[in-house]
Structure formats: C-alpha cells, structure tokens
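One letter stands for each residue in the lines below.
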Amino acid sequence: MDFALSEEQSAIFDMAYAFGQEHIAPFARDWEAQGTIPKDLWPRVAELGLAGIYVSEEYGGSGLSRLDATLVFEALAMACPSVGSFLSIHNMCGGMIDTYASDEMKSAWLPKLCAMDRIFSYCLTEPGSGSDASALRTRAARTNDGYSLTGTKAFISGGNYSDVYLSMVRTGDDGPKGISAVLVEAGTDGLSFGGPEQKMGWRAQPTAQVQFDDCRVPARNLVGEEGRGFSYAMAGLDGGRLNIAASALGGAQAALNAALAYTGERKAFGRSIDQFQALQFKLADMEVRLQAARVFLRQAAWKLDAGTADATKNCAMAKVFVTDAAFDVANDALQLHGGYGYLADYGVEKIVRDLRVHQILEGTNEIMRVIISRQLLAARG
C-alpha cells in the first residue's frame, strides 16, 4: 500500500497552489466585498487544464482522476474556498456531460466548457426540495421542439452569472424516475433570476434563484436519456462531495498555517504564546484532525476512481468527517488568534464563514449519515 502521491500528482497540487497564491489569494477579500469573481480569471484557469478536469482529452479536457481533482481543489482553497468551490461546480457539470451526454452534445458543449468560454452552473435544489431532492417540482412539458420549463431553483451558485445551467427538471411522474437533465443557456426566453442572496460565507460567488417561466429548451439540450436525470445528479454528487470536502480541507489548512505563524509571533507573559503547552496541544490536535481527514478523503477518492461497491458510502463518510473536522480546525485557528481572529485583516474569520456551508451543501452532513447508515444496515445480513 503506497500513500505517496506520484510525481505528476505532486506537480498538479503545486501548480494549483501556485496559481491560487498568485491570482486568487491577493484579491479574495476584494472579490468577497464585490460579491463576484472577475470573469477574466477563468480563461487563465482553463489554460492550466483545470476547467475540464474530468472531461476526456478528445473534447479538450484533462481526463484526470477524482483523486487528482481533490488535490486541485485543496490547493485552490488555500487561496480562497469560495473561488475554488465555484470551479468545482463547473467541473461537476463537465463530468456529467462527458459521462452521460450524446456525442453530439459533447462536441457542441465540452470544448466551450473546457476553455471556460461558457461557465456552467448546477441546478438541483428548489425552495421546497433540498435534502428531498427527488421531490423537485420544476416541470418540463414536452413541446414540438423540445420542452417548456416552469419552476424555480434555489441557492444556485452562479445564478445570473453563469452562461449555462445544467438543470434537473420533471419530465415524468413523481419520484426520481420522472426527472431529466437539460441545459438552459443564459438569455433564453423565460429564464430569469432572483436578486443576489446575502450569505454568511462564499460571498464572492454570486448566488441567486434561477426561475423558469415557459422557458423553451430544444430537445437537443436533453442530457442523456429522459428519466435518468436524477441518477446522473446523484452520481455527480459523489465526486462533488469529495471536492467540497477537499475545499474545506484546503481552507482549514490555510487557517492552521495562519495560526502557526501567529502563535509564534504573538507575545504574552514574556514569551511567544506557542510556548504554552495548552496551545501546543491545541495545535497538535488540529494537525491530527487535518492529517486524518486528508487520508480519509484520498481513500474515498481512490474508491470512486476504482468503482468499488462502497464508493458512495465512503464519499459520504469523507464528506462528513472532513467538513466537520475542517470547520472545527478553522474555528480553533480563529480562537488562537484571540480578538485579532475576529478581524477581517487576518483572514481567518473569512475561512470560518466560508467553511460553514461545506457542512450543508452537496447533501447536508445529516443526509450523509442517512446514506451511511442505510448502507450499513443493508449490508448487515
């Protein structure tokens, strides 16, 4: 059993980290204040091959593994969890299209996605269906040319910012088998957006409701087969949960790094506070939690790449363990900064605010425990 990263994987991490520190970290607070990410960032991301991580090279992607992706998003999140996580959503859409769409759709959309000529958002959640995602009500009625969409999506990262919305809609009866996936382009008649949401964290990401009112979508924009959209969405979320966990890990690592630096500089009672055993133990516990989270995350990613029978359970377990550990470590880092940790200038309070949502999205950590327990009980016999 080899726990070491390959030379290529180490290079991937180093590349993403260097990019984040140069092109994201210095501007993260300004972007948060503005409530948006400058779109001229994305072509530079695409030049590194990070816009189509899961997409086949045939269509302009990098064809990397799920494990490779966790390295990318951990590294980028050390600069800003909000920006890195936004990119992970774009990549989740690319992976779904590459896996399930027709060759014609792949040829039409994936090169634009990989170049980030088109930014993609993922639309599953609705005002009345979050954890119970299969209860979604957005209706796609058949027309002569395709579908007419009516309904509302909620909490959409990139709402009124992205160019294409990969949307789960109801084409059939109630339940998961009545759900299909379609692409809706910005500017389509009947597509509109709610106002920007005012959020605790992830403030650099524009977030808004996506609204469909007799929104006409051509039949060629159906992803894969009608009635299979929910299974596509759930499969995409396995990888999405790993990426959200990786982003939480990167943010927490940045917070720990900041705490290590601060405790070595801050003086109290005649010495630097890192010389007090109580704080040394706190730092040690933070390191233990992050190292355990990192190993767990990478094992889950390996299982998803290998297609093991327990991959979904492990993705859920990793999402719970890593995001809970990451938030606690970031919060402890803030505490170690004392009053300065509460100030924006030190950057730690932003990490705490950003990481809180990682315990909620891509399936709440309570729903992850439902997935885990169901699989445990099913395997009991």
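**So, the overall build of the protein chain**
Stage number 1. A count of helices and strands for the protein chain gives 11 helices and 10 strands.
Stage number 2. Against the 2.2 N^0.38 benchmark of 21 Å for 381 residues, the protein chain shows a C-alpha radius of gyration of 21 Å, consistent with a compact globule.
Stage number 3. Looking at the protein chain residue by residue over its 381 residues, the buried ones come to 53%.
Stage number 4. With an accessible surface of roughly 16,700 Å², the protein chain has 50% of that area assigned to carbon and sulfur atoms.
Stage number 5. Within the protein chain, one finds 35 positive and 45 negative side-chain charges whose respective centroids are separated by 6 Å.

**Let's talk about the pattern of salt bridges**
Stage number 1. Summed over the entire model, instances satisfying the criterion amount to 15 salt bridges.
Stage number 2. With a shortest N-O distance of 3.1 Å, Arg 353 and Glu 32 are connected by a salt bridge. You can see Arg 353 sitting in helix 10 (residues 348–356) and its partner Glu 32 sitting in helix 2 (residues 28–34), a full 321 residues away along the chain.
Stage number 3. Close ionic contact of Asp 214 with Arg 216 constitutes a salt bridge, the shortest N to O distance being 2.7 Å.
Stage number 4. Taken together, the salt bridges that share partners define one network made up of Glu 32, Glu 349 and Arg 353.

**Quick look at unusual backbone geometry**
Stage number 1. Its identity as a non-glycine residue notwithstanding, Asn 160 has a phi of 65°, on the positive side.
Stage number 2. In this structure, Asn 160 sits in the loop between strand 3 (146–157) and strand 4 (164–170).
Stage number 3. Non-glycine residue Glu 362 carries a positive phi angle of around 55°.
Stage number 4. Along the polypeptide, Glu 362 turns up in the loop between helix 10 and helix 11 (365–379).

**Notes on the side chain of Gln 205**
Stage number 1. Mapping Gln 205 onto the fold places it in the loop between strand 6 (191–193) and strand 7 (207–218).
Stage number 2. Polar contacts involving the side chain of Gln 205 include one to the main-chain carbonyl oxygen of Ser 82, which spans 2.7 Å.
Stage number 3. Of note is the side chain of Gln 205, whose polar atom sits 2.7 Å from the side chain of Ser 157.
Stage number 4. Not counting chain neighbours up to four residues away, the residues in contact with Gln 205 comprise Gly 35, Ile 37, Ser 82, Ser 85, Phe 86, Ile 89, Ser 157 and Lys 199.

**Focus on the packing of helix 7 (residues 229–265) against helix 9 (residues 311–336)**
Stage number 1. Contact geometry for helix 7 and helix 9: axes closest at 8 Å, N-to-C directions at 20°. Between helix 7 and helix 9, the angle is such that the two are roughly parallel. You can see that helix 7 and helix 9 cross each other, and the crossing is left-handed.
Stage number 2. Considering only residue class, the contact of helix 7 with helix 9 consists of 18 nonpolar, three polar and three charged.

**Examining helix 7**
Stage number 1. Taking 1.5 Å per residue, 37 residues should reach 54 Å; helix 7 reaches 53 Å between its end C-alpha atoms and fits that length.
Stage number 2. The principal kink in helix 7, of about 30°, is found at Asp 238.
Stage number 3. Taken across its 37 residues, helix 7 has 28 buried, putting it largely inside the fold.

Definitions and limits used
- Residues numbered from 1 in each chain as written.
- Predicted model: local features only at pLDDT ≥ 70, side-chain atom pairs only at ≥ 80, totals over all residues.
- Heavy atoms only, no water.
- Helix = DSSP H or I, 4+ residues; strand = E, 2+ residues; numbered from the N terminus.
- Rg over C-alpha atoms; globule rule 2.2 N^0.38 Å.
- Buried < 20%, exposed > 50% of the residue type's maximum accessible area, 1.4 Å probe, protein only.
- Areas by Shrake-Rupley, 256 points an atom, 1.4 Å probe, with all protein chains shown as cover.
- Lys, Arg positive; Asp, Glu negative; His and termini not counted.
- Charge placed at Lys NZ, Arg CZ, Asp CG, Glu CD.
- Salt bridge = Lys/Arg side-chain N within 4 Å of Asp/Glu carboxyl O.
- Polar contact = N/O pair within 3.5 Å; in protein donor to acceptor, adjacent residues only side chain to side chain.
- Contact = heavy atoms within 4.5 Å.
- Axes fitted to C-alpha atoms, helices over the stretch in contact; angles between N-to-C directions.
- Parallel < 35°, antiparallel > 145°, perpendicular 65-115°, else oblique.
- Left-handed = near helix turned anticlockwise from the far one by under 90°.
- Nonpolar A, V, L, I, M, F, W, Y, C, P; charged D, E, K, R; others polar.
- Expected span 1.5 Å × (residues − 1).
- Bend = angle between axes of the 7 residues up to and from the residue.

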